[in-house]
Amino acid sequence: MAKGSVRGGLLLGLAVVVALAATGVWNPFPGLWDWVDRSEPISEPDVVWQQRVGGTPRSVTIAGDAVVVEQRTRVEARSLATGAQLWERKADWAAVAGGDRDPVVAVGKLLVKGYELLDPTTGVTRRRDDDAVAVWTYRNLLLDARCTEATDCTLSAWDPRGTAPLWTAFLPGVHSGLLADNPGLRGTRRLTATRIDDGVAGAEAAPPLLGFPVDGRVHVVDTATGRVLQNVEPARDERLSVVGGRLLRIAARSQDGTCYFAISARDSATGQEAWQRAGVNLRTADSAGCVQREDPQGARNVLIGVAPDGREAVIDGYDGRLLWVGERGTKLIAVDDRSAVFRAADKRSVIARELGTDKVLWTRQASGKAGAALTPYAVVVADEKPSRLAALDPRTGRELAALRTSANALAVGSQGMIIGEGREIGYVRFGASGNSPARPPGDGGNPGPGSTGPGGSNNGDCGPKGELCPDPGGGKDG
């Protein structure tokens, strides 16, 4: 009888609550649902803001004052300051071009020609294209390709917010894989790390040369002028890659149960050999007959190789110099064309060293499973047991942010970074006082470390051809 009375009382109470909610007198359900749906903080210390987005992000990019979140069938933008949603669009792919002051968001649909360029803060369409089949996004350039026939295609270069092409070039077709945003070209593969997104650094400046694969050949295009400088077919045992303003012919020959490698770097204008190096494995081949199916590892203007004695090395793509050679047992985990980050042989720390010198920039205690990524504004270090994320000043190793979290690092900007886990994303501001690392020379462009190139000395900030710096005499490098 007592149980029946309790049950009857609960039913009566529920009926009263429903009646009050229906008449608008009092409705506890929204608050109750907010309590049930409240997300746990994804890091300690807590983030500046944390939001649940519509779907699991495929990519996240900081674009000026907005955060662009690409999902499977739509893209949305959120305020970098508050996390509030700014706009949302249906789209199968999205990519950000431009720098901090002039970003745009390219969006499109798979198997549908054309794309739109949106303002990242308002979502307003700045430019629309109805014919392009592929788009490549950089900090200082946007490229697109359109084809009237399978063997008649035009490549166009645009200022990210421009309304007329800077140049156009003819290509005899495009590879079947050149669709949607940033399809693969013949360059380098970046090192990857667990819990750090491959696109954490955002768009980079366009390199001086790009290699477009078309019907088994590689067409080398000068990004400053649009000239197609070379049209090269690799030999049977070769793989072609365009790195640091050079066309690399990488040969892998099987003999005595092993692979023998040789690299020949060619001047793009003359075809003459600029440098060569033998015996360095660029990790382009698998064990099945030394067939090269991968681009070499590296970043910007540098390559990563393995010497015959097993030591890793960083090679300048422009002039072939050895910029860093690791000791036995060390493991390279991140590299750009200014510095290398590697795990020490004792697996108790990670070390950053300036390329081309013996200068150690900083050392940080870390486990043997720590990974890292270099971005223009911070070095991101991810560690396990316990799970941590840290953002460090690239030159000094000073902590900009240190988090106890199992979330992933998704995007890094000048003032902070976005982390995420599942559908939850949050913003971490660098430094308690809001200080941020200094902007890198060349706005995070493509300098060759210590390389001067044909244009003379440029302190490594103007690219191998000097293409990122204005010519004080008003001319152009050839």
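The structure under discussion appears in the preceding block.
Residues numbered from 1 in each chain as written. Predicted model: local features only at pLDDT ≥ 70, side-chain atom pairs only at ≥ 80, totals over all residues. Heavy atoms only, no water.

**Student:** For this particular structure, what's the right way to read the overall build of the protein?
**Tutor:** Tallying secondary structure elements over the protein gives two helices and 36 strands in all. When contacts within the protein are restricted to residue pairs at least 6 apart in sequence, long-range pairs at least 24 apart make up 44% of them. Looking at the protein as shown, the accessible area adds up to about 22,500 Å², and 50% of this sits on carbon and sulfur atoms. (Helix = DSSP H or I, 4+ residues; strand = E, 2+ residues; numbered from the N terminus. Contact = heavy atoms within 4.5 Å. Areas by Shrake-Rupley, 256 points an atom, 1.4 Å probe, with all protein chains shown as cover.)

**Student:** Just to check I follow, could you spell out the pattern of salt bridges for this structure?
**Tutor:** For side chains of opposite charge, pairing can occur when their charged atoms come near one another. Here the structure, examined in full by the defined rule, presents 27 salt bridges. A salt bridge links aspartate 100 to arginine 139; the nearest nitrogen and oxygen atoms lie 4.0 Å apart. You can see aspartate 100 sitting in the loop between β6 (93–97) and β7 (104–108) and its partner arginine 139 sitting in the loop between β10 (134–137) and β11 (142–149), a full 39 residues away along the chain. For aspartate 100, a relative accessible area of 28% translates into the label partly exposed. For arginine 139, a relative accessible area of 10% gives the class buried. As a salt-bridge pair, glutamate 294 and arginine 189 come within 3.8 Å of each other at their nearest N and O atoms. Within this pair, whereas glutamate 294 is found in the loop between β21 (273–278) and β22 (298–299), its partner arginine 189 is found in the loop between β14 (180–181) and β15 (209–214), the two being separated by 105 residues in sequence. We classify arginine 189 as partly exposed; its relative accessible area is 25%. (Salt bridge = Lys/Arg side-chain N within 4 Å of Asp/Glu carboxyl O. Buried < 20%, exposed > 50% of the residue type's maximum accessible area, 1.4 Å probe, protein only.)

**Student:** Explanation requested: the pairing of β15 in the structure shown.
**Tutor:** The side chains of a regular strand alternate between the sheet's two faces. The buried fraction of β15 is high, at six of six residues. Both faces of β15 are covered, namely the face carrying Leu209, Gly211 and Pro213 and the face carrying Leu210, Phe212 and Val214. What sits between the antiparallel neighbours β15 and strand β16 (residues 217–222) is a turn of two residues, in which aspartate 215 has the positive phi angle 50°. (Pairing = 2+ DSSP bridges.)

**Student:** Looking at this structure, how should I read the sheet that holds β7?
**Tutor:** Pairing is antiparallel in the open sheet, where four strands are placed in the order β6-β7-β8-β9. The two strands at the open ends of the sheet, each matched to only one other strand, are β6 and β9 (125–129). Neighbour to neighbour, the strand axes of the sheet diverge by 20° on average, direction disregarded. Across five bridges, β6 lies against β7 in antiparallel orientation. Opposite alanine 97, over in β7, you have valine 104 as the bridge partner. (Axes fitted to C-alpha atoms, helices over the stretch in contact; angles between N-to-C directions.)

**Student:** Help me understand the environment of glycine 98 in this model?
**Tutor:** Along the polypeptide, glycine 98 turns up in the loop between β6 and β7. In the structure, glycine 98 is positioned 105 residues away from alanine 203 in sequence and 7.6 Å away in space, judged by C-alpha atoms. With sequence-adjacent residues up to four places away left out, glycine 98 is seen in contact with Pro103, Tyr138, Arg139 and Pro160.

**Student:** Looking at this structure, I do not really get the state of the cysteines. What am I missing?
**Tutor:** By definition, a disulfide is the covalent link that joins the sulfur atoms of two cysteine residues. With the rule as written, the count across this model stands at two disulfides. Here cysteine 147 pairs with cysteine 153 through a disulfide, and the sulfurs are 2.0 Å apart. In this structure, the disulfide formed by cysteine 147 and cysteine 153 twists by about 105° around the S-S bond and is classed as right-handed. Per residue, the accessibility class of cysteine 147 equals that of cysteine 153, and both read buried. There is a disulfide in this structure between cysteine 259 and cysteine 290, and the S-S distance comes to 1.8 Å. Of note, the bridge from cysteine 259 to cysteine 290 carries an S-S torsion of about -105° and is left-handed in sense. (Disulfide = S-S within 2.5 Å.)

**Student:** Sorry if this is basic, but what is going on with the sheet that holds strand β3 (residues 66–70) here?
**Tutor:** Pairing between sheet strands relies on hydrogen bonds along the backbone, with the strands arranged either parallel or antiparallel. Taking strand neighbours across the sheet as the criterion, the four strands line up as β2-β3-β4-β5 in an open arrangement whose pairing is antiparallel. For this open sheet the edge positions go to β2 (59–63) and β5 (85–90), each flanked by a neighbour on one side alone. Along the sheet, successive strands turn relative to each other by an average axial angle of 15°, direction set aside. As defined by bridge partners, β2 adjoins β3 across five bridges and the pair is classed as antiparallel. Each residue of the ladder has a partner; that of threonine 61, found in β3, is valine 68.

Bear in mind that shape data such as this cannot, by itself, settle questions of function.
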